[in-house]
There are 2 protein chains.
Amino acid sequence: MQGDGRMGIVAALVRSTFLVDAVYAASARKYGITSQQGQLLCVLMAGPRGMTELGAMLRLAKSSLTGLVDRTERNGLVGRESDPDDLRAVRVALTPHGSELVEEFYAETCRRIEDLPAALDPEDRDVLADLLGRVVLANEVPEVFLASEEGTGKKV
Amino acid sequence: MQGDGRMGIVAALVRSTFLVDAVYAASARKYGITSQQGQLLCVLMAGPRGMTELGAMLRLAKSSLTGLVDRTERNGLVGRESDPDDLRAVRVALTPHGSELVEEFYAETCRRIEDLPAALDPEDRDVLADLLGRVVLANEVPEVFLASEEGTGKKV
DNA sequence: CCGCAGTAGTTCGTGTTACGAATTGTCCGA
DNA sequence: TCGGACAATTCGTAACACGAACTACTGCGG
């Protein structure tokens, strides 16, 4: 924090996080769901997933996920189908209603988030997207590398 | 999402949010507190605050805040002192222990967040901080405006 | 083919977080 | 002084998150 208009990288990251969280929550509320359920639905847009897989993507313990899927299922937005190839496993998929809802939710959320950097020139927005994108990619610790490159102790 | 290495501004913002959230949570966990309690403590580093004031800063309903302060108080990290100037009001302040803990928590969290853009040149980091900082400032709806501009339904 | 370690998910109990509505006590302006 | 505004709490409800214990199925070694 350096007092004047300019902001340290840490403050900028933390505060932008706050901002995006708020947008996400507001958008979810508007569609009568919670942020977590919204996140789940968004992940499922790409296709059905198993519970374990979802847990990894959302970084949730499996017991947490059971509850989240339960509640979202109770809302009629997702369904569980048993995996034909593995009788233990389950595939969580969007219901027609869930699919319809997430379509709108996703679009609206994107729109709102896109509005956040409205004060920036298009050019600056591109630069921001590029830099922030690089930060994300650099930290998205691809599973593959974890085993080999253990040096930095950067474990989550 | 544009498939290749580059990332849209929306994806970049959302994913960086995910990243920062995770860092915050991990750091908090290490110090035996929750993210929310950590956030509360960080706000209080600058000095004692009233409940209403805290609610505005953390964007929490007052009833939510009562609980958060209760739990944090139970952990011995903050205390309530009654405001001498207004018998209705309360000032929440760090206890010595809380102060000590937040000092370390804050430092560590900053360190971890500062590490996120480690892959960027110092110059690029500055640009990122500047751009992201501008986004934050442009969206930090000063309380004053909230009352007058009610149209958007942007309420908490 | 059997048995057994490992995996996928659920259940259970606990604690945190968040909210709105109703309430209590205080402040202050008409 | 009275009544509206305000600070905070209480209460009831629901979502969320976790770990530990459990069930049921898989797949491998023997």
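Parameters and conventions
Residues numbered from 1 in each chain as written. Chains lettered and ligands numbered in written order. Predicted model: local features only at pLDDT ≥ 70, side-chain atom pairs only at ≥ 80, totals over all residues. Heavy atoms only, no water. Pairing = 2+ DSSP bridges. Helix = DSSP H or I, 4+ residues; strand = E, 2+ residues; numbered from the N terminus. Contact = heavy atoms within 4.5 Å. Axes fitted to C-alpha atoms, helices over the stretch in contact; angles between N-to-C directions. Near = heavy atom within 4 Å. Polar contact = N/O pair within 3.5 Å; in protein donor to acceptor, adjacent residues only side chain to side chain. Nonpolar A, V, L, I, M, F, W, Y, C, P; charged D, E, K, R; others polar. Buried area = accessible area lost by both parts, 1.4 Å probe. Salt bridge = Lys/Arg side-chain N within 4 Å of Asp/Glu carboxyl O.

Q: Account for the sheet that holds strand β2 (residues 78–82) of chain A, naming residues and giving values.
A: Residue and element names in this part refer to chain A. Strand order in the open sheet formed by three strands is β1-β3-β2, and the pairing between neighbours is antiparallel. What marks the edges here is a single partner per strand, and that holds for β1 (49–50) and β2. Packing of helix α2 (residues 35–44) onto the sheet brings it into contact with β1, β2 and β3 (90–94), and relative to β3 it is tilted by some 100°.

Q: Account for the protein's contact with DNA strand C, naming residues and giving values.
A: Close to DNA strand C lie 25 residues, the nearest being Thr52, Arg80 and Arg88 of chain A together with Thr34 and Arg71 of chain B. For DNA strand C, the backbone portion of the atoms within 4 Å of the protein, that is sugar and phosphate, comes to 64%. Within the contact set of DNA strand C, a phosphate oxygen lies 3.5 Å away from a side-chain nitrogen or oxygen of Gln37 of chain B. Within the side chain of Arg71 of chain B, one N or O atom sits 2.6 Å away from a phosphate oxygen of DNA strand C. Only α3 (51–58) and α4 (62–74) of chain A together with α2 (35–44) and α4 (62–74) of chain B provide two or more residues apiece to the surface near DNA strand C. Tallying contributions element by element places α4 of chain B first for the surface near DNA strand C, with five residues. Classifying every residue of the surface near DNA strand C by side-chain character gives eight nonpolar, nine polar and eight charged.

Q: Account for the interface of chain B and chain A, naming residues and giving values.
A: Every contact between the two is made by 48 residues of chain B and, on the other side, 48 residues of chain A. When residues of chain B are sorted by the area they lose upon contact with chain A, Ile9, Phe18 and Leu131 of chain B head the list and together hold 12% of the total. There are two salt bridges connecting chain B and chain A. Two residues, Asp124 of chain A and Arg134 of chain B, come together in a salt bridge whose shortest N-O distance is 3.2 Å. Here chain B is connected to chain A by four residue pairs in polar contact (both at pLDDT 80 or more). Sorting the residues of the side of chain B that touches chain A by element identifies α1 (9–30), α3 (51–58), α5 (96–115) and α6 (122–139) of chain B as the ones contributing at least two each.

Q: Mind laying out the pattern of salt bridges, listing which residues take part and the relevant values?
A: Tallied over the entire structure, the rule returns 16 salt bridges over all chains. Note that Arg49 of chain A and Glu53 of chain A form a salt bridge whose closest N and O atoms lie 2.8 Å from each other.

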